[in-house]
Every structure is written in structure tokens, then in C-alpha cells.
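Structure assessment
The lines below spell out each chain.
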Amino acid sequence: MTEEIIISGFGGQGVLSMGKILAYSALVEGKEVSWMPAYGPEQRGGTANVTVIISDERISSPIVSQFDTAVILNQPSLERFEPQIKPGGTLIYDGYGISEPPKRTDINIYEIDAMDAAAEMGNPKGFNMIVLGGLLKIRGLVNIDDVLAALRKTLPERHHHLIPANEEALRRGMEIITRK
Amino acid sequence: MANNDILLMKGNEAIAHAAIRCGCDGYFGYPITPQSEILETLAAQKPWETTGMVVLQAESEVASINMLYGGGGAGKRVMTSSSSPGVALMQEGIAYMAGAEIPGLIVNVQRGGPGLGTIQPSQGDYFQATRGGGNGDYYIIVLAPSTVQEMADFVDLSFELAFKYRIPAMILSDGVIGQVMEKVTLPPFKPRRTDEEVIAQCPWASTGRKGMRPINVITSLELRPEAMEQHNLHLQAKYAEIRKNEVRYEELQTEDADYLIVAFGSAARIAQKAISDLRAEGIRVGLLRPITLWPFPYDRIRELSQKVRGILTFEINAGQMVEDVRLAVEGRTPVTHYGKMGGIVPTPDEVIATLKNHFSITL
């Protein structure tokens, strides 16, 4: 199994950290992983994207041009990456950031209203974890217990009290993601 | 972090951790994208509190390389890191180190050029690294990592080679391998050398003679032409020895290959994906990945060129290593190049299309 994933949105939405948590969780499961950010003069409000590859085998190129799954959090990212999803692949988008919905008919499209859910939960910083929950619900990839293990492993001790809120966000994402 | 732990980190972070673990005495550097995590990680790890390693943010790249000259001249395992324009600034100091036979490690996490260029990945400094970017007849050892694991492993290897031959060594990486996070197992801890060990292992170093031995002079200056010629002949003999002993490369699926891709560093990773896709289509392609860019694996490429129908050199530049490949091949088989500039990283699909089109491969 190899899954090539692009996560793309605005800087400050937690795109890179979401990818990092996904990568760490796969590491916990003993899988091969690569996390390649589009680095640059990035800033809050600019664009940010990261390619995460999870595989049972050694990963060759950390840079790919076609993706199994795209997680899209704003309109410019949708325009850029919708054509780069493999036929039969998966597109997950947050409805809040999208004015022109995706048009392809040869891929599986899901909407997750994570921005709204994060606001309802009073946990705006949980936005990316809600999206990650939705991704895991649809694509499996890693077990939620391993995500929590990854959080425990990578977060400094002083932030461990935030893990239950992150778990809640993950589970909420799993509930609210819907097929289009 | 215990030994043997499998960790997830960036190539730049791996270099910093490996430096602390392999008994590095000092790091001198100045921030520049895409390699700033090296200095940042060292600052966060505070090795001066554990191993006693010095970490210093210098006022410039020129200062950094001259601190390397001083530290290396005293027999210390010292390193600096920068990215392309910063390494360009260091060239005078590197030539002085080569002339004075001072060991040291320079890490170049390349970005696009020329000049200030861009902060995105590139392999445009191949000529600068392998031809000696400074003045005079000299080479430095150049290692090209293609994984985060190699970023970690090549730190100690560079120091070993640098001290074995009294020569500067360079890790020539790029923004892809510097920024990507992958699995890595860090090398085991090795203590820094004691003053007594430095004196015993580096009898040439300026360690303070205390009236006990003749003066060690660390210099690249010699105004008597005959003496300077002798020094140059000595350097050339040393380079011949390195060419004989230290060529390193990796081969993948070359046994039955009809076509060969030659690529180093991050480009070799992209090439691997292209090769597995091509083989799935029934096109037999192999990879020769030079690990040492100097000394270059001319002999092995010459051997392989007699077995294949064509060679594609794939680099993230306008075509630099391809000149060395052509020198090795000497017209025995067609050689072409594919690459991009400006910080644009080509995808495996572009490599596949170039190979098929150039060699008119149809199924």
C-alpha cells in the first residue's frame, strides 16, 4: 500500500502540522513516511501545502505530480490540485473556503464543514484535527489510537492536557464528513 | 532520545543531531533558507552544555569559513553550513583551507541561482563544489546525500575523510533533502577528542608546541616558486590517492538495464520513482547514483556505458554533472540531460517522458 496525499490551504490553518501528525502516526505504525512541505516566504494568510506519503515499502520520490488523495482547504488549492488527483482518487474539501465546488466526476468527493464545526465546538484551533478525522474516516491510513499516541510522543508534556480536545475534534470530523 | 530509536525529522535537523553525536567540536554558521534548521536545531539542543561543542552564529559566511580555518588548523572537528549564495561567499576560505591542508566540513543545502537566486531547491552548485570554487589547483571531497538517513550518516564520514586526507569535505545537499521529513536512526554517541588525542592524531596541527617540537605553520602562502610547485605536486598526489580509494556510488537495477539514468541527491530519488514506473511498462532502466561527486565514479559509468543503449543524466540544473558523464562515456553511447532551473523540481513523469522521447522508446 502506498498513499500519496496533498494537503493544501492557507498558511495558519494548520496544514503543515496536520501533515506532521499524520506522518508521525504512520511512523508509530511502523510504516515508511515522507513529509515534504512547499517551503518558501510563507506567511499567515498565504498558501501552504505539504505532500505526505505513507507506504509499506521504501519511498522513492518525496515529490509526485499525481495524488491518491487531496485535502483542500481553500479555493486556490482546489484549482491547483483538483486536476492532479488520480482517477478513482479522493478529494476532501472544507466547504467554508470553497466558492466554486469541484467538478470532476471520476474521483470520490467529500465535504467536511470543519470551519463551522470548529466554531461550534468553541475550538477554532481544532480545525485541522477535525479535517484529519474526516480524512481518517474515509481513507483509513492510520488508527485514531496511533494518532493520539503520536500526539503524546511529539507534544511537550505541558501541552498534554490539550490531547482530549484534539481527540474530540478528530471524532467530530469522522462524524460530519459527507459524500458529495 | 535513545540510540537506535527510529525518529522522524528533516534532513537539516538530522545533520545537527549527527554533528553533536559524532564528536564535532564546533559549528560556525549564518542563517539562510533552506538550511536554517541546522543552526536552529543546534541552538535548541545546546550541545555546549553536554558534549562541550561550540555553536556560534557568526556575523557572516566569510567569518564562518575563517573560523573553520582556525578550528581545523588546531586539529578540531569543526563545521559550517549554508546555502548556495552563502557558500559562494566562502570560496576564498575553502581555497585557503585546501592550500593549507586543513580538514573541516562545509554543508551546502542548495537553492536556485545564480546570485541571490531563489530559496527553492536546486543542484546548481555542482560545478562550484566539484571544480573548486576558489583559486588554484585543488579539489575538496564532495558527498551527495539522497535521504535524511544519509544526511545524518555523512557527517561523521565527512569528518573521517577530511582528517584522513587533511582536506575540506562538503556535504552537497539541496532544499528537498534539507526540508523533507523521513525516518532516521541517528548515529551512536562518540566522544569529542581530548587535547591529547588531537596532538597524537594531528601532529601537524597548531596545538601549542610548549617548546617541545618544531613550530607547525598553517598557511597557504609560499613565495618560492620551487617550493610552491612541490606543495602543489604533493596536493596532486593526495588527490590521486583519494580518486583511487574514495569513489562511492549506488546502483539500482543496472544488471539488465537497456538504459541508464545517472542522478545524485534528491534527483536520484525522483529518478527511482521514474524507473519503477518505467519498469512497470516493460522498459528496463537502471540507476547509477554517484555518492561522491568528487571523486567521481568515471570508471563504473564507463563500464556501464558499454552495456546500455543510452544514458539520461537527470539533475536539477541546466546540465553540469552531464559533463562528467560524457567524460566517462567518451562517446560510446548517446548521453542526454534533463533538468530544470529556478527552484522548480521536476517530477518523475517528466523524467519518464524525456527518456522515452529522446531515445524514441515505443512499446
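Parameters and conventions
Residues numbered from 1 in each chain as written. Chains lettered and ligands numbered in written order. Predicted model: local features only at pLDDT ≥ 70, side-chain atom pairs only at ≥ 80, totals over all residues. Helix = DSSP H or I, 4+ residues; strand = E, 2+ residues; numbered from the N terminus. Rg over C-alpha atoms; globule rule 2.2 N^0.38 Å. Buried ≥ 20, exposed ≤ 12 C-beta atoms within 10 Å, placed from the backbone. Contact = placed C-beta atoms within 7 Å. Nonpolar A, V, L, I, M, F, W, Y, C, P; charged D, E, K, R; others polar. pLDDT = per-residue confidence, 0-100. Pairing = 2+ DSSP bridges. Expected span 1.5 Å × (residues − 1). Arc of directions from axis to C-beta. Domains from an automatic or database assignment. Axes fitted to C-alpha atoms, helices over the stretch in contact; angles between N-to-C directions.

Digging into the overall build of chain B
Along its length, chain B carries 14 helices and 14 strands. Whereas a compact globule of 363 residues would reach a radius of gyration of roughly 21 Å, chain B reaches 21 Å, a difference of no more than 12%. The C-alpha extent of chain B, read off along each of the three principal axes, is 75 × 50 × 35 Å. Counting over 363 residues, chain B shows a buried share of 52%. A sequence separation of at least 24 residues applies to 79% of the contacts in chain B between residues at least 6 apart.

Regarding the overall build of chain A
When helices and strands are tallied, chain A shows 6 helices and 7 strands. Ordered by position from the N terminus, the helices and strands of chain A form the series β-α-β-β-β-α-β-β-α-α-α-α-β. Over its C-alpha atoms chain A spans a radius of gyration of 15 Å, differing by no more than 12% from the 16 Å that the globule rule assigns to 180 residues. By its C-alpha atoms, chain A is 45 × 40 × 35 Å across when sized along the principal axes.

Brief notes about the interface of chain B and chain A
One frequently used descriptor of interface size is the decrease in accessible area upon assembly of the parts. Taken together, the 19 residues of chain B in the interface contact 17 residues of chain A. Among the elements that line the side of chain B that touches chain A, the one with the most residues is helix H11 (residues 265-280) of chain B, at 5 residues. A breakdown of the residues in the side of chain B that touches chain A according to their chemical character gives 9 nonpolar, 5 polar and 5 charged.

Overview of the confidence of the model for chain B
Within chain B, residue pLDDT values average 96, and 99% of them lie at 70 or more. Two summary scores accompany this predicted model of the complex, namely pTM at 0.95 and ipTM at 0.93.

What about the sheet that holds strand S5 (residues 85-93) of chain A?
Spatially, the 9 strands line up as an open sheet ordered S7(A)-S6(A)-S5(A)-S4(A)-S1(A)-S3(A)-S2(A)-S8(B)-S1(B), and their pairing is mixed. What marks the edges here is a single partner per strand, and that holds for strand S7 (178-179) of chain A together with strand S1 (6-10) of chain B. Pairing of S5(A) with strand S6 (residues 108-111) of chain A, which is carried by 4 bridges, proceeds in the parallel orientation. Residue pairing for S6(A): A:Thr90 is matched across the bridge by A:Asn108.

Comments concerning helix H6 (residues 163-176) of chain A
Residues and elements named next belong to chain A. Under the 1.5 Å per step criterion, the end-to-end length of H6 is 20 Å for 14 residues, consistent within 8% with the ideal 20 Å. Taken as a whole, H6 has its buried residues at Asn166, Ala169, Leu170, Arg172 and Gly173. Taken down its axis, H6 places every buried residue within 165° of arc, on the same side. Those residues of H6 that are buried lie in contact with helix H3 (114-120), helix H4 (127-139) and helix H5 (144-154).

Here's the deal with helix H1 (residues 15-28) of chain A
Residues and elements named next belong to chain A. Compared with the 20 Å implied by 1.5 Å per residue over 14 residues, the 20 Å span of H1 between its first and last C-alpha is a close match. Burial of H1 is extensive: 12 of the 14 residues sit out of reach of the surface. With its phi angle positive at about 80°, Gly30 sits one or two positions after the end of H1.

Some details on the domain arrangement of chain B
Residues and elements named next belong to chain B. According to the domain assignment, chain B contains domain 1 (6-196) and domain 2 (250-358). Spacing between the C-alpha centres of domain 1 and domain 2 amounts to 27 Å. On the domain 2 side, the residues contacting the 25 residues of domain 1 number 21 residues. Of all elements in the fold, only helix H6 (126-130), strand S6 (141-143), strand S7 (168-174) and helix H8 (175-179) reach the threshold of two or more residues within the side of domain 1 that touches domain 2.

A closer look at the sheet that holds S6(B)
Residue and element names in this part refer to chain B. Pairing is mixed in the open sheet, where 7 strands are placed in the order S3-S2-S4-S5-S7-S6-S12. Each end of this open sheet is capped by a strand with a single partner; those strands are strand S3 (54-57) and strand S12 (292-294). Each strand of the sheet is rotated relative to its neighbour by a mean of 20°, with strand direction disregarded. When S6 meets S12, the two strands line up antiparallel, connected through 2 bridges.

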